[in-house]
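# Examination of the molecular architecture
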Amino acid sequence: MKKFHACLLLSLLLFSAPVQGQVGFPKIYANAAVVSATQEASDAGIEIIRQGGNAVDAAVAVKFALAVTFPAAGNLGGGGFLVLRSADGSVHTLDFREMAPLAAHRDMYLDENGDVIDGLSTFGHLASGVPGTVDGMITALDRFGTLPLEVVMEPAIRLARDGFRLSWREAAALNRGRDRFAQFEGSRQYFTKADGSDFTEGELFVQADLARTLQRIADEGRDGFYAGETADLMVREMQENGGIFTHEDLANYRSVWREPLQVQYRDYTVHLMGPPSSGGIAIGQMLQKLEPYNLERMGYNSPETVHLITEVSRRVYADRAEFLGDPDFYDVPRAELLTPAYNRDRMRSFDPSRATPSAEVSHGNPVAASESWNTTHFSVVDNDGNAVSLTTTLNSGYGSFVSITGGGFLMNNEMDDFSIKPGVPNQFGLLGGEANAVEPGKRMLSSMTPTIVTRDGRLEMVLGTPGGSTIMTTVLQVFLNIAEFGMNVQQAVAAPRFHHQWMPDRLYFEPYTFNKATRDRLEWYGHELSPRRFYTGQANCIVVDEGGRIQTGADPRGMNHAAGF
Ligand code: DON
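Our subject in this report is the structure included herewith. (Residues numbered from 1 in each chain as written. Predicted model: local features only at pLDDT ≥ 70, side-chain atom pairs only at ≥ 80, totals over all residues. Heavy atoms only, no water.)

### Here's the deal with the environment of L147
For clarity, the threshold we go by: Secondary structure elements are defined from DSSP: runs of H or I of at least 4 residues count as helices, runs of E of at least 2 residues count as strands, and each element is numbered from the N terminus. Accessible area is worked out with a 1.4 Å probe on protein chains only. A residue is then buried under 20% of its type maximum, exposed over 50%, and partly exposed in between. By definition in these notes, contact holds between two residues if any of their heavy atoms fall within 4.5 Å.
Examined against the element boundaries, L147 turns out to sit in the loop between α4 (133-144) and α5 (149-152). Since its relative accessible area comes to 19%, L147 is described here as buried. When the C-alpha positions of L147 and D57 are compared, they lie 6.4 Å apart, and in sequence the two are 90 residues distant. Ignoring sequence-local partners within four residues, the contact set of L147 consists of I48, G53, D57, L141 and V152.

So, in structure tokens, the structure goes:
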């Protein structure tokens, strides 16, 4: 619980600035659009599409440009998930999630009394899984891209070598991290100033070692990262500082094309990432539980709607804790969890006038019913109608705070997404058990939920957000804002959000989400309200309207930026 609050505090530090940017109106493009966390990255994607690239070429360009211009989450040293819908209607999902090193074991974060050692899974060299980003981008490009790797990586290399101008937000976040960066040689070099002074808005930020690493990848492909000089630098950094990575871990890493999940909600078909993301199953379960209700009539953020969605979320997160983990290691009952009859049955205990205490809610029994800060999300649609929805992360902001000395990039702290001890919440307050225990070579469970929605076979929405455990409830609310409450995509991402995750038994909400009457009513139902003084998620989404126009929603909670033509 302490850790959950620490994470909320981190989000507060990173995202406590006032809402800025356009709040009500989408930017509209005729041909192609990218919405991502930085202007430079969105522009890089559009540059590649203008050169004749497709959405996958653009996504790879955006991803590498984010690794340069958004160090808190953009990452070479992390992982993520990609959902692609080709213009021919086929859907593909790529898992480039990190893996536990081969020397990892289930009790590695516990002391001799079996107690969790505070911070070990979140900070420093033991916190990292084997990174998947570079393999993922190359795998996606090889199969679906049209341009060479060195072409799509060119904008990123340029931005690292020649520098980019720091936003006030990035400068402030780096300054707040100074003491933690200073504890690791590489991070001290790359992310603090030698004289201890502050980074300032507009300052040129050059990353020469990162540019060289990117160049090696552009020249040698996978081997530019998982072998040769970059691999030597990673293994040395880890082994000299108490980490457990080996060359074998790096050589073994492979991203995996997984079978996409598909859920029907009214006339929408929602395409989602399966495990090891919990997001796809969670959104599917939520939609199956919500479908019998008339949300449109209940009204946007009315007490009845908030109560219903909260009770749905509570039950879904309880299932997540029990049943979800890496499908290569644990038999996730995905078909059973996504059975409408099972989900309707789980709502039998729903009382429209009373909150169900979380202590009384456990996971369901899907088999018997027989029959899923700092992360970043971007969305791309190209002129042929291909769409990419990609969420990627180092886990919390700047990951483990360890940079690879000589390599110029930060490492993830994704190991904390495993259940490091049954019953002990991770930094997002999420619980887990056997399904998500640490095992060598296993992928840690994720909440990242890149999503694509079609209707009558037509691309309609590209959705996603960061936010740890709040990702699924945010994606759900953005979807419902559009599908049920008549908002355009910019309004849908800007609208205030709420969140409940079963444990802790609290209904969190952003500033200005509920008026006094709604709060009173929610308390009368029995919900424990927990106002957040900061923001939930950064949803960067796209809607293609019936006229084929591409409408963008850049979340005003950050420096998110839509570009297009
Ligand atoms: O994969 C996950 O679920 C987490 N590592 C995501 C972390 C995250 O979104 C933090 N961002 N705010």
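### A few points about the site of the ligand
What counts here: Whether a residue is near a molecule or strand depends on its heavy atoms: if one lies within 4 Å, it is near. Pairs of N or O atoms are called polar contacts if they sit within 3.5 Å, as long as, within protein, a hydrogen donor faces a hydrogen acceptor (for residues adjacent in sequence, only side-chain-to-side-chain pairs). Using the Shrake-Rupley algorithm and a 1.4 Å probe, accessible areas are obtained, with residue cover drawn only from the displayed protein chains. Residues are grouped as follows: nonpolar covers Ala, Val, Leu, Ile, Met, Phe, Trp, Tyr, Cys and Pro; charged covers Asp, Glu, Lys and Arg; every other residue, Gly included, is treated as polar.
The immediate surroundings of the ligand are formed by 15 residues, with T375, E414, D417, S446 and S447 found nearest. D417 is positioned such that a nitrogen or oxygen atom in its side chain is 2.6 Å from a nitrogen atom of the ligand. When the ligand is considered free in solution it has 340 Å² of accessible area, and contact with the protein chains removes 99% of it. For the shell around the ligand, a count of residues per class yields 5 nonpolar, 7 polar and 3 charged.

### What about the side chain of D545?
Mapped onto the elements, D545 comes out in the loop between β17 (541-544) and β18 (550-553). Owing to a relative accessible area of 13%, D545 belongs among the buried residues under this scheme. For D545, the side chain forms a polar contact with the side chain of R549, separated by 2.8 Å. Not counting the four nearest positions on each side in its chain, D545 is found in contact with R458 and Q551.

### Some points on the nonpolar core
For clarity, the cut-off: Each nonpolar core is a collection of buried residues, namely Ala, Val, Leu, Ile, Met, Phe, Trp, Tyr and Cys, held together in the definition by side-chain atoms within 4.5 Å.
By size, the foremost hydrophobic cluster in this structure holds 83 residues, and its most contacted members are F64, L76 and L214. With 12 residues, helix α3 (residues 55-69) is the single largest residue contributor to this core. Sequence-distant contacts of L76, defined by excluding residues within four places in its chain, comprise F64, A67, P131, T133, V134, L210, T213, L214, I217, F225 and F409. Residues V91, I309, V316 and I452 belong to the second largest nonpolar core, which totals 80 residues.

### A closer look at helix α2 (residues 39-50)
Filter applied, for reference: Helix span, expected: 1.5 Å multiplied by one less than the number of residues in the helix.
Between its terminal C-alpha atoms α2 stretches 16 Å, which fits the 16 Å expected from 12 residues at 1.5 Å a residue. If you check which residues of α2 are buried, you get A41, S42, A44, G45, I46, I48 and I49. Buried-residue contacts for α2 involve β2 (33-36), α3, α5, α6 (154-162), β10 (375-381) and β19 (561-564). Trailing α2 by a residue or two, G52 shows a phi angle of about 105 degrees, which is positive.

### Points about the packing of aromatic side chains
Note the following rule: Each pair of aromatic rings taken from Phe, Tyr and Trp, with Trp reduced to its six-membered ring, is defined by centres within 6.5 Å and is described as stacked if the planes are under 30 degrees apart, edge-to-face if over 60, and tilted in the remaining cases. Whether a charge sits over a ring depends on NZ of Lys or CZ of Arg being within 6 Å of the ring centre and within 35 degrees of the ring normal.
Counted under the stated rule, the structure contains 21 aromatic pairs. Seen from their ring centres, F199 and F205 are 5.6 Å apart, and the 80 degrees between their planes marks the pair as edge-to-face. Taken together, a centroid distance of 5.8 Å and an interplanar angle of 70 degrees make the contact between Y300 and F485 edge-to-face. Exposure remark for Y300: the relative accessible area of 32% places this residue in the partly exposed category. Three or more aromatic residues link up through ring pairs in this structure, and these residues are F123, F164, F181, F184, Y190, F191, F199, F205, Y398 and F401. Lying across the ring of F565, R50 places its NZ or CZ 4.2 Å from the centre. When the ring centre of Y508 is taken as reference, the NZ or CZ atom of R532 above it lies at 5.9 Å.

### Here's the deal with the pairing of strand β13 (residues 458-463)
Short version of the rule: DSSP calls a pair of strands paired once it identifies at least 2 bridges connecting them.
With 5 of its 6 residues buried, β13 lies for the most part within the structure. Sheet topology note: the strand β12 (residues 451-455)/β13 ladder contains 5 bridges and is antiparallel. Each residue of the ladder has a partner; that of R455, found in β13, is R458. Taking the residues that link successive antiparallel strands as the turn, the β12-β13 hairpin has 2 residues, and the phi of D456 there is positive, at about 50 degrees.

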